[in-house]
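Tertiary structure, described
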Amino acid sequence: MGSTDTHEKCYNPQDPTLTFVDADDDHDFECDGYTSKRAKMSCGHTVTPTSLTRWCQRQLKEGKNKLECGVCKTKWSLDEVFKMALLTDEEKTSFESTLFKNFAVSDLKTKSCPGCKSQIMRKDPKNLCVRCPRCTADRGAAFDFCWQCLKKWRGPAYRSNRCDNPECVCQALVTLQTCKVIEFKEVKGVVDCPSIRACPICGTLVEHNSLRCKNVICPDCKVEFCFVCLKLTKDCSGVRGSYYSACATQVAPRQTSIPVKETI
Ligand SMILES: [Zn+2]
Ligand SMILES: [Zn+2]
Ligand SMILES: [Zn+2]
Ligand SMILES: [Zn+2]
Ligand SMILES: [Zn+2]
């Protein structure tokens, strides 16, 4: 009912599932002065639906794959954010897919060492065997772990698909093999196209959400590729310029390996 143009969402003051408090809005970082009642998150800090929405959108933009309190950094569950931010179905879908993208991107770049938990960047993108400098120094002996199963490395020190731990499987490959199929609304003749593909250049997993156009832009390396035939958009020989026409080749089958970006 406000007269501002910011479309503020307000809590229903009668909602018995919310804990209202008479306190400042901890997440009104732009000092917008929202008029909704303030409610408490599980961590104890206050929000209004719009301040929470804005704060989470900011985190998504920064590439976060978990949403956290702006004061105490407690990780919030997505269900809690959905409820407390009064998100529309459209916003929920966009939150979910951005979190997924952010997760896929960060998952490729750094992992936490199973020995000391420090974040490690991988030097050789083709080798799953990664040495932790801190653990190696602390122990006075080489400490290698597996980039895939995140256990202490077992087997020869150069492997690109798996280590010798029996439970070492590539989660991304499992995802590529088992994700649901999508149906394009405006691209004719495409059947059983998987909803998740690995970027043909850098291997980042990309989920296709807009079912109109067949091209997607990789959130990591920014290349544009055809979700159907997996060629780069510039090489997909559909009718030039059209993002909706059929490809010259069939739907590319589910990927059985993940492309690795060449290091320069
Ligand atoms: Zn908090
Ligand atoms: Zn370590
Ligand atoms: Zn492994
Ligand atoms: Zn890419
Ligand atoms: Zn194509």
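Residues numbered from 1 in each chain as written. Chains lettered and ligands numbered in written order. Predicted model: local features only at pLDDT ≥ 70, side-chain atom pairs only at ≥ 80, totals over all residues. Heavy atoms only, no water.

Re the overall build of the chain
Assigned secondary structure in the chain consists of five helices and 15 strands. Summarising its shape, the C-alpha atoms of the chain cover approximately 60 × 60 × 30 Å along the three principal directions. Between the centroid of the 40 positive side chains of the chain and the centroid of its 32 negative side chains there is a distance of 8 Å. (Helix = DSSP H or I, 4+ residues; strand = E, 2+ residues; numbered from the N terminus. Lys, Arg positive; Asp, Glu negative; His and termini not counted. Charge placed at Lys NZ, Arg CZ, Asp CG, Glu CD.)

Let's talk about the coordination of the zinc ion (ligand 2)
Within the protein, the atoms that donate to the zinc ion (ligand 2) are Cys113 (SG), Cys116 (SG), Cys132 (SG) and Cys135 (SG), at distances of 2.2 to 2.3 Å. Its four donor atoms give the zinc ion (ligand 2) angles of 104 to 114° at the centre, a pattern that matches the tetrahedral case. Taken in chain order, the donor set of the zinc ion (ligand 2) reads C-x2-C-x15-C-x2-C. Taking relative accessible area as the criterion, cysteine 132 reaches 0% and is therefore assigned buried. Judged by its relative accessible area of 3%, cysteine 135 is buried. (Donors = N, O, S within 2.8 Å, 3.2 Å for Na, K, Ca; no water. Tetrahedral: all angles 85-135°; square planar, octahedral: opposite > 155°, others 65-115°. Buried < 20%, exposed > 50% of the residue type's maximum accessible area, 1.4 Å probe, protein only.)

Some points on the coordination of the zinc ion (ligand 4)
For the zinc ion (ligand 4), the full set of protein donor atoms is Cys199 (SG), Cys202 (SG), Cys218 (SG) and Cys221 (SG), and the range of their distances to it is 2.3 Å. Geometry at the zinc ion (ligand 4) is tetrahedral, judged from the four donor atoms that bind it and their angles of 104 to 114° at the metal. We note that the donor set of the zinc ion (ligand 4) lies within a single chain, spaced as C-x2-C-x15-C-x2-C. Of the residues examined, cysteine 199 reaches a relative accessible area of 0% and is grouped as buried.

Here's the deal with the pattern of salt bridges
Applying the stated criterion to the full structure yields nine salt bridges. One salt bridge in this structure joins aspartate 32 and arginine 54, with 3.9 Å as the shortest N-O distance. Of the two residues, aspartate 32 sits in the loop between strand E1 (20–21) and strand E2 (38–40) while arginine 54 sits in helix H1 (residues 49–61), which places them 22 residues apart along the sequence. Relative accessible area serves as the criterion here: at 40%, aspartate 32 is assigned to the partly exposed category. Exposure remark for arginine 54: the relative accessible area of 38% places this residue in the partly exposed category. (Salt bridge = Lys/Arg side-chain N within 4 Å of Asp/Glu carboxyl O.)

Thoughts on the nonpolar core
If you look at the biggest cluster of nonpolar residues, it comprises 21 residues, and the most contacted ones within it are Phe184, Cys199, Phe225 and Phe227. Setting aside chain neighbours within four positions, we find phenylalanine 225 in contact with Arg197, Cys199, Pro200, Val206, Lys214, Asn215, Val216, Cys218, Leu230, Lys231, Leu232 and Thr233. Counting residues in hydrophobic clusters, the runner-up holds 19 residues, among them Tyr11, Met41, Leu52 and Met84. (Core = buried A, V, L, I, M, F, W, Y, C linked by side-chain atoms within 4.5 Å. Contact = heavy atoms within 4.5 Å.)

Details of the environment of alanine 248
Mapped onto the elements of the fold, alanine 248 is located in the segment after strand E15 (224–226). Separated by twelve residues in the primary sequence, alanine 248 and cysteine 236 place their C-alpha atoms 7.3 Å from one another.

Thoughts on the side chain of threonine 50
With respect to the helices and strands, threonine 50 occurs in helix H1. You can call threonine 50 buried: its relative accessible area is 4%. When neighbours within four sequence positions are excluded, threonine 50 is seen to be in contact with His7, Glu8, Lys9 and Tyr34.

Concerning the domain arrangement of the chain
In terms of domain boundaries, the chain breaks down into domain 1 (20–87), domain 2 (110–167) and domain 3 (170–264). Centre-to-centre separation of domain 1 and domain 2, based on C-alpha positions: 37 Å. (Domains from an automatic or database assignment.)

Comments concerning the state of the cysteines
The tally for this structure, following the rule as stated, stands at zero disulfides. Unpaired in this structure, cysteine 170 has its nearest cysteine sulfur neighbour in cysteine 168, at a distance of 8.4 Å. Taking relative accessible area as the criterion, cysteine 170 reaches 18% and is therefore assigned buried. (Disulfide = S-S within 2.5 Å.)

Digging into H1
With 13 residues, H1 ought to run about 18 Å at 1.5 Å a step, and its terminal C-alpha atoms sit 18 Å apart, in line with that. Every buried residue belonging to H1 is among Pro49, Thr50, Ser51, Leu52, Thr53, Trp55, Cys56, Gln59 and Leu60, and all of these are buried. A positive phi of about 90° marks glycine 63, the residue just after H1. (Expected span 1.5 Å × (residues − 1).)

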